[in-house]
Amino acid sequence: MTENGKGDIGYRLLDCHEAAKHHFERAANRLKMKRRIRDWIVKPFREITVHLPVVMDDGDIQLFKGYRVQHNNTRGPYKGGLRYHPTVTLNDVRGLAAWMTWKTALLDLPLGGAKGGVTCDPKKMSEAELERLTRKYTRAISLDIGPSQDIPAPDVNTNEKVMAWIMDEYSKLRGYAPAVVTGKPLDLGGSPGRLDATGKGVSIIIRQWAADNNIAIESGSAVIQGFGNVGYYTAFHLQQAGCRVVGISDSGACVYNSKGLAIEELMNYKRENGSVGSFPGADTMDPEEIFALDCDFLVPAALENAITKNNASKIKARAVFEAANGPICPLIEPSIAEQGIAIVPDILANSGGVVVSYFEWVQNLQQFSWNSKKIEGELRNRMITAYRRVVEKSDAEKVSLRLAAYMLAIEKVARASMARGIY
Ligand code: NAD
């Protein structure tokens, strides 16, 4: 795709930055947004690259590369996760940061968008090495983050423990500041409901979509790619709602049982054995087989570019819910739509995490805590309101749910930019 969203570049995988730009340009074209405004709001405001020397357990010093991309803070402080992964690049972080800007706008949160990443392989590092790396990264960006500046959160391979190290290191340098990160342990100012918020949010959207499409959730079936934080909690909440979760994969294997998998037993099994493969009472297959399984709801909850031209034509689901960020290669998306399969986009489907992160940040700033019931009610309200807006826009403009979501989000950021006079 060319800069203006026209022209054919043939099929290839797009990285997160290219994918985010692709979707943005289509929506900006549809809105007939002026070039000077779209250039301003699509480009990251700031990009930080840091080099982090870390003493490893054997005494050796290893140099890691880290990033923080602050995409847009027109509507509020930058907000976005931190990813640890061996393949993470600046372009991935750029795209993921832009998606946060559109997500916070779509959900009407007074926040902007950012993302962080460190190129490392946490599976090959000890906990002590990960702690030293996290503290180094925090020190390196300590002048660029803060409760009213930029608030990191967990993403792939980072968790409550990593957030606690960031909060501790930042507080040593700048004074006690729990609101500098979200996704913290409850004992350190974390919020009830944050751990499972993204998966719960995905399940809220699936149930709403199912109701709108006359599918009783109790007779529906789901298949989930990825069994980390988002995949596990999506499966857990769908099962709680009575839905059969028939297939789950991780990077090692895919397991299938047409009667439904026992989710908690499967998670215990994975913890003990390292993978879902060979789980008793289910058939084990290659992880790639997950996309061809019969189901109503397909939930990619692993990494970007999971659905490509190699597997898109095999999908049998009625709808794909993007729990991961950017799991569908944008250039294959039209062929999925042609098969009559709905796509509920990531900036809506996986927004539960940032919604409860927002609640955590608000509680930290107020030094007042909310109970689980309040959090759950507020999460549901926010997500269903956003879902309704997207469906209405999609119906009114006769565009896909993704295009509708982008149009709503980028229009909002553009309006805020003009109101502030930065255009
Ligand atoms: P995680 O590290 O907890 O889990 C990732 C999972 O994906 C692991 O189980 C891993 O085995 C699996 N995986 C990796 N490659 C795979 C493959 N080829 N096939 C099957 N499984 C594979 O990460 P997470 O926090 O669950 O994040 C997953 C996705 O959701 C990412 O795209 C992330 O950006 C997005 N997301 C996360 C949050 C959050 O709150 N954690 C919020 C919004 C979006």
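Let me sum up the structure you'll find in this document.

Conventions and cut-offs
Residues numbered from 1 in each chain as written. Predicted model: local features only at pLDDT ≥ 70, side-chain atom pairs only at ≥ 80, totals over all residues. Heavy atoms only, no water. Near = heavy atom within 4 Å. Polar contact = N/O pair within 3.5 Å; in protein donor to acceptor, adjacent residues only side chain to side chain. Areas by Shrake-Rupley, 256 points an atom, 1.4 Å probe, with all protein chains shown as cover. Nonpolar A, V, L, I, M, F, W, Y, C, P; charged D, E, K, R; others polar. Phe/Tyr/Trp six-rings, centres within 6.5 Å; stacked < 30°, edge-to-face > 60°. Buried < 20%, exposed > 50% of the residue type's maximum accessible area, 1.4 Å probe, protein only. Helix = DSSP H or I, 4+ residues; strand = E, 2+ residues; numbered from the N terminus. Lys NZ or Arg CZ within 6 Å of the ring centre and 35° of its normal.

### Overview of the site of the ligand
- Around the ligand sit 21 residues in total, of which Asp155, Thr198, Asn229, Val230 and Asn325 are the nearest.
- Here Thr198 contributes a side-chain N or O atom positioned 2.8 Å from an oxygen atom of the ligand.
- Burial of the ligand by the protein chains amounts to 83% of its free accessible area of 840 Å².
- Looking at side-chain class alone, the shell around the ligand contains seven nonpolar, 10 polar and four charged residues.

### Concerning the packing of aromatic side chains
- Inspection of the entire model under this criterion finds 11 aromatic pairs.
- On the basis of an interplanar angle of 45° and a centroid distance of 5.8 Å, the ring pair of Tyr358 and Phe359 is categorised as tilted. Taken as a pair, Tyr358 and Phe359 share a single burial class, namely buried.
- Taking the centre distance of 5.2 Å and the plane angle of 45° together, the rings of Phe359 and Trp370 count as tilted. Separated by 11 residues along the polypeptide, Phe359 in helix H11 (residues 352-366) and Trp370 in the loop between H11 and helix H12 (372-397) bring together distant segments of the chain.
- Among the residues examined, Phe359 registers a relative accessible area of 1% and is labelled buried.
- By relative accessible area, Trp370 is classed as buried at 15%.
- Here a set of aromatic residues connected by ring pairs shows up, and it is made of Phe227, Tyr232, Tyr233 and Phe236.
- Over the ring of Trp370 we find Lys374, and its NZ or CZ is 4.7 Å from the ring centre.

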